[in-house]
Amino acid sequence: VSSNHGPELEPGAGPSAGSIAKITIDRPEVRNAFRPQTLIEVSHALERAREDTAVGVILLTGEGPLAFCSGGDQQVRGDSGYLTDPDNPDRQPSGASVGRFHVTDLQIQMRRLPKPIVAMVAGYAIGGGHVLHLCCDLTIAADNARFGQTGPKVGSFDGGFGASVLSDLVGPKKAKEIWFLCRQYSAQEALAMGLVNTVVPLDELEAETVRWCEEMLANSPFALRLLKASFHAAEDGYAGLQQLAHDTNLLFYGSEEAQEGRDAYKQKRHPDFSRFPKRA
Ligand code: 2NE
């Protein structure tokens, strides 16, 4: 994985009030298939982008024009998940090689991360790579992009966000078609079924993606944060509600009413909330 911030990106149009963190899956020789280490690195890069208060939008992509990501690297697929060290499949946690789905944690991290994540897709977004783009908030596709799931062809499936988010986007019949038949879909077909936000010529992909990011960066970051949490609140159940509720608490902490409670505790006195309105 490689990552960088705004200045190294191709400039889009207009001023922006923040930076774009660009995270690139950098294994073009295998169409950017991910190993556990790849996902650990993406996760670290996402965490850095989250913590960096200058970053307003995160862009996830794959190296080269041939693929966004082709999913789990089948060369390191073990009998109970993907292996960090396929030569030592029985090695235990410290240097772990017990099979696992690191992608589960990454998908949840992407859903909960309080900044918009944009997938910039050139070439294949296939299998687990397709699910990664589903977990992004927006997808900008190049005209050479191809989308699809392969699970049932290779003895796998993602019945989590890979099924639920897909079904929300394209409807249950189409989602089942995508999973049951394992066809590939062109960028235009993906646009027609609501899988992506726009399609642009390959040589304009980054500039157009940056333009979309800059439009978001010009807007209120906290409003974007609350919107992302709101969109996911119902779909993600209690975890989604928790995110939205805690975001509300962030705002509440800024109020005199909440501060009275904190200050009274620190000053070892009873809080006096009498001056605060019982709002209609
Ligand atoms: C992506 C696709 C359609 C590209 O086709 P093409 O013709 O452009 O390239 P080619 O020749 O197939 O691939 C180039 C090299 O990349 C490797 C290939 O084996 C090939 O290697 P060499 O022959 O040059 O040595 N490669 C590509 N994808 C790979 C992968 N995922 N793992 C390991 N090596 C890979 C075509 O390559 C394709 O269909 N790839 C497989 C897509 C796939 O089935 N992915 C796994 C789905 S399961 C999953 O991702 C998953 C899950 O279901 C649940 C949890 C976690 C993960």
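Under an unreviewed UniProt entry, the name given to the chain is 1,4-dihydroxy-2-naphthoyl-CoA synthase, and the source organism is Patulibacter medicamentivorans. Checking UniProt for the chain, the heading Cofactor (unreviewed entry) contains the comment "hydrogencarbonate". Quoted verbatim from the Catalytic activity (unreviewed entry) field of UniProt, the annotation for the chain is "2-succinylbenzoyl-CoA + H(+) = 1,4-dihydroxy-2-naphthoyl-CoA + H2O".

Looking now at the nonpolar core. Counting residues in hydrophobic clusters, the biggest one holds 44 residues, and the most contacted among them are L46, I58, M110, L132, F147 and L195. Per-element tally for this core: the top contributor is helix 1 (residues 36-51), with five residues. Among the nonpolar cores identified, the runner-up in size contains 15 residues, and A122, L205, M216 and L217 belong to it.

Here the focus is the sheet that holds strand 6 (residues 124-126). Within a sheet, adjacent strands bond to each other through the backbone by hydrogen bonds, running parallel or antiparallel. Reading across from one edge, 4-6-8-9 is the order of the four strands in this open sheet, with mixed pairing throughout. Of all the strands in the sheet, just strand 4 (67-69) and strand 9 (185-186) have a single pairing partner and so form its edges. The pairing of strand 4 with strand 6 spans two bridges and is parallel. By the bridge assignment, A67 is partnered in strand 6 with Y124.

Turning to the pattern of salt bridges, a few remarks are in order. Following the criterion strictly, the structure yields 13 salt bridges and no others. E206 serves as the salt-bridge partner of K22, at 2.8 Å between the closest nitrogen and oxygen. Here K22 is found in strand 2 (residues 19-25), whereas its partner E206 is found in helix 8 (residues 205-217), with 184 residues between them in sequence. The class of K22 is buried, set by a relative accessible area of 15%. On the basis of relative accessible area, E206 is assigned to the buried category, the value being 13%. One salt bridge in this structure joins E177 and K174, with 3.1 Å as the shortest N-O distance. With a gap of three residues between them, E177 and K174 both fall in helix 6 (residues 172-181), about one helical turn apart. Accessibility expressed as a relative area gives 27% for K174, which makes it partly exposed. Each member of the salt-bridge network shares a partner with another, and the members are R111, E235 and D236.

Thresholds applied
- Residues numbered from 1 in each chain as written.
- Predicted model: local features only at pLDDT ≥ 70, side-chain atom pairs only at ≥ 80, totals over all residues.
- Heavy atoms only, no water.
- UniProt positions renumbered as here; feature names shortened; annotations may be inferred.
- Core = buried A, V, L, I, M, F, W, Y, C linked by side-chain atoms within 4.5 Å.
- Buried < 20%, exposed > 50% of the residue type's maximum accessible area, 1.4 Å probe, protein only.
- Helix = DSSP H or I, 4+ residues; strand = E, 2+ residues; numbered from the N terminus.
- Pairing = 2+ DSSP bridges.
- Salt bridge = Lys/Arg side-chain N within 4 Å of Asp/Glu carboxyl O.

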